[in-house]
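Now for the letters of each chain:
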Amino acid sequence: MQTESRRNWILTALAAGVVLVGCRDRTESSGSAPSAGSTQAVVATEQKVSLTGAGATFPYPLYSKWISEYGKANPNVRINYQSIGSGAGIRQIIAETVDFGASDAPMKDEEAKDAKGKLVHIPTTLGAVVLAYNLPGVKLRLDAQTITGIFLGDITKWNDAVIKALNPEASLPDTAIVPTFRSDGSGTTAVFTDYLAGASPVWKEKVGQGKSVSWPKGLGAKGNEGVTGQVKTTPGALGYIEAVYAEQNKLSVAELKNPAGNFVTATGAAVTAAAEGVQLPDTLYASITNSPQPGAYPIAAYTYLLVYEDAKDAAKGKAIAKFAWWALTDGQAYAADLNYAPLPASVAAKVKDKLKTLHHGGQGLL
């Protein structure tokens with residue numbers, strides 16, 4: 001469990017919406033890759049650099065913590081990360097109005113074609129999308145078919161027979177269900193709809209999968225913050241949000257039935273289990289929803305930084321690469337306390353190999 005001070009810190013970060021702190025590079029100027037696990041293993045520079053990033057709200061609490069911790073020892077590079085949604089993050093990095101993007105959904109081929117150079121996906125952590133609900137005193141279990149029925153508008157009351165069958169001991173009220181969804185282009189939506197499309201042919205045919213879909217019913221809200229607020233204030237609401245938002249707002253979340261037939265909660269171990277056995281390709285992105293692993297949470301996902309392989313600006317490119325390296329080493333230790341799961345060692349090693357290929361012209365950034 002997190003300490004009260006850590007809880008208060010995260011709540012402050014979530015409310016802020018934008019993080020702006022300093023980072024300074026601290027080691028030898030050899031150009032070699034930093035050694036794993038070393039907070040100070042970044043390339044020295046006398047130049048001050050300002051970085052702007054934008055995108056996913058899903059990893060925002062962790063990114064805020066990373067930027068803060070990294071900045072305590074490295075005040076020479078200022079990082080401003082704007083939590084505005086994966087769709088907006090992709091658009092801004094393509095337009096080069098930010099120095100790095102962030103998305104929970106991999107870029108589509110048609111999006112990548114519009115980029116002014118090759119964009120690389122850098123997995124940073126693993127997280128879970130949870131189904132949060134506003135039914136005081138009720139402990140809830142759901143499966144993919146029932147969730148599909150709710151978001152399609154076919155199941156409209158909490159005491160529906162289908163929900164009762166999954167929760168025979170629960171006192172379910174005769175209350176209207178209020179499905180709540182993201183109104184903005186969202187990686188969280190992409191992960192959630194990937195889960196539903198993979199589990200339900202009906203959902204795949206009628207609604208589909210993506211960062212934005214046409215929702216048949218419910219209330220829309222912007223960002224994980226917006227959906228969290230809607231669920232918290234709307235009796236009978238059910239919404240999909242990143243796990244830390246539910247934790248920090250003390251929202252009830254449903255246990256979900258996975259493809260192996262087990263009801264699981266979104267623990268770090270269950271999220272890691274979802275990634276196990278999935279071979280991460282050279283593109284460094286993959287879907288891990290509906291994992292067949294017995295202990296896997298079914299709505300788990302990687303989240304990614306988006307950076308240009310050939311940096312337009314050498315100083316900024318180096319600063320981004322070295323911050324990403326720190327995030328893959330020392331930064332992973334902060335994941336569990338914020339309801340994320342560290343990357344498996346094999347994945348982190350593969351991502352660090354990719355970071356070593358980033359360059360400005362022919363000169364490596366690390």
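Here, the structure is the one placed above.
So, here's what we can say about the structure. What you see is a predicted model, and the numbers here were worked out from it, not measured in a lab.

The subject of this paragraph is the pairing of strand β3 (residues 77-83). In terms of burial, β3 is a largely internal element, five of the seven residues being buried. Sheet topology places strand β2 (residues 49-55) next to β3; seven bridges connect them, and they run parallel. If you follow V49 over to β3, its bridge partner there is V77. Read as a crossover between parallel neighbours, the route from β2 over helix α2 (residues 60-73) to β3 is right-handed.

Attention shifts here to the packing of aromatic side chains. Any pair of aromatic rings gets described here by the distance separating the centres and the angle formed by the planes. Across all of its chains, the model carries 20 aromatic pairs by this definition. A ring pair is formed by Y60 and Y81, whose centres lie 6.2 Å apart and whose planes are at 25 degrees; its orientation type is stacked. Residue Y60 is found in helix α2, and its partner Y81 is found in strand β3; the two are separated by 21 residues along the sequence. Accessibility expressed as a relative area gives 0% for Y60, which makes it buried. The exposure class assigned to Y81 is buried, which follows from its relative accessible area of 1%. Taken together, F151, F181, F192, Y195, W203, W215 and Y240 form an aromatic cluster joined through their ring pairs. In this structure, K312 packs its charged tip against the face of Y308, placed 4.0 Å from the ring centre.

Regular strands have side chains that alternate between both faces of the sheet. Burial of strand β5 (residues 119-133) is extensive: 15 of the 15 residues sit out of reach of the surface. As defined by bridge partners, β5 adjoins strand β13 (residues 300-308) across nine bridges and the pair is classed as antiparallel. Paired with L119 across the bridge in β13 is Y308. Examined bridge by bridge, β5 and strand β9 (residues 237-242) share five bridges and lie antiparallel to one another.

In total, this model carries 11 salt bridges according to the counting rule given. For E69, the salt bridge identified is with K72, shortest N-O distance 3.0 Å. A residue pair is termed a helical-turn pair when its members lie 3 or 4 positions apart in one helix, as E69 and K72 do in helix α2 at three residues. Residue E69 is classed as buried on the basis of its relative accessible area of 17%.

This part is about unusual backbone geometry. Backbone geometry at E96 places phi at a positive 60 degrees, although glycine is not the residue there. Relative to the assigned elements, E96 resides in the loop between α3 (86-95) and β4 (100-103). The residue N339 is not glycine, and still its phi comes out positive at about 65 degrees. Mapping N339 onto the fold places it in the loop between α12 (314-328) and α13 (345-355).

Turning to the environment of L366, a few remarks are in order. Looking at the secondary structure, you find L366 in the segment after β15 (363-364). Each C-alpha atom of the pair L366 and W325 lies 9.1 Å from the other, and the pair is 41 residues apart in sequence.

Turning our attention to the packing of α12 against α13. Look at α12 against α13: their axes get within 10 Å of each other, and the N-to-C directions meet at 170 degrees. The orientation of α12 relative to α13 falls into the category roughly antiparallel. For the pair α12 and α13, contact is made by A321, A324, W325 and L328 and by A348, V351, K352 and L355, respectively. In the contact of α12 with α13, the residues fall into seven nonpolar, no polar and one charged.

What counts, and where the lines are drawn
- Residues numbered from 1 in each chain as written.
- Predicted model: local features only at pLDDT ≥ 70, side-chain atom pairs only at ≥ 80, totals over all residues.
- Heavy atoms only, no water.
- Buried < 20%, exposed > 50% of the residue type's maximum accessible area, 1.4 Å probe, protein only.
- Helix = DSSP H or I, 4+ residues; strand = E, 2+ residues; numbered from the N terminus.
- Pairing = 2+ DSSP bridges.
- Right-handed = clockwise from strand over helix to strand, strands pointing away.
- Phe/Tyr/Trp six-rings, centres within 6.5 Å; stacked < 30°, edge-to-face > 60°.
- Lys NZ or Arg CZ within 6 Å of the ring centre and 35° of its normal.
- Salt bridge = Lys/Arg side-chain N within 4 Å of Asp/Glu carboxyl O.
- Axes fitted to C-alpha atoms, helices over the stretch in contact; angles between N-to-C directions.
- Parallel < 35°, antiparallel > 145°, perpendicular 65-115°, else oblique.
- Contact = heavy atoms within 4.5 Å.
- Nonpolar A, V, L, I, M, F, W, Y, C, P; charged D, E, K, R; others polar.

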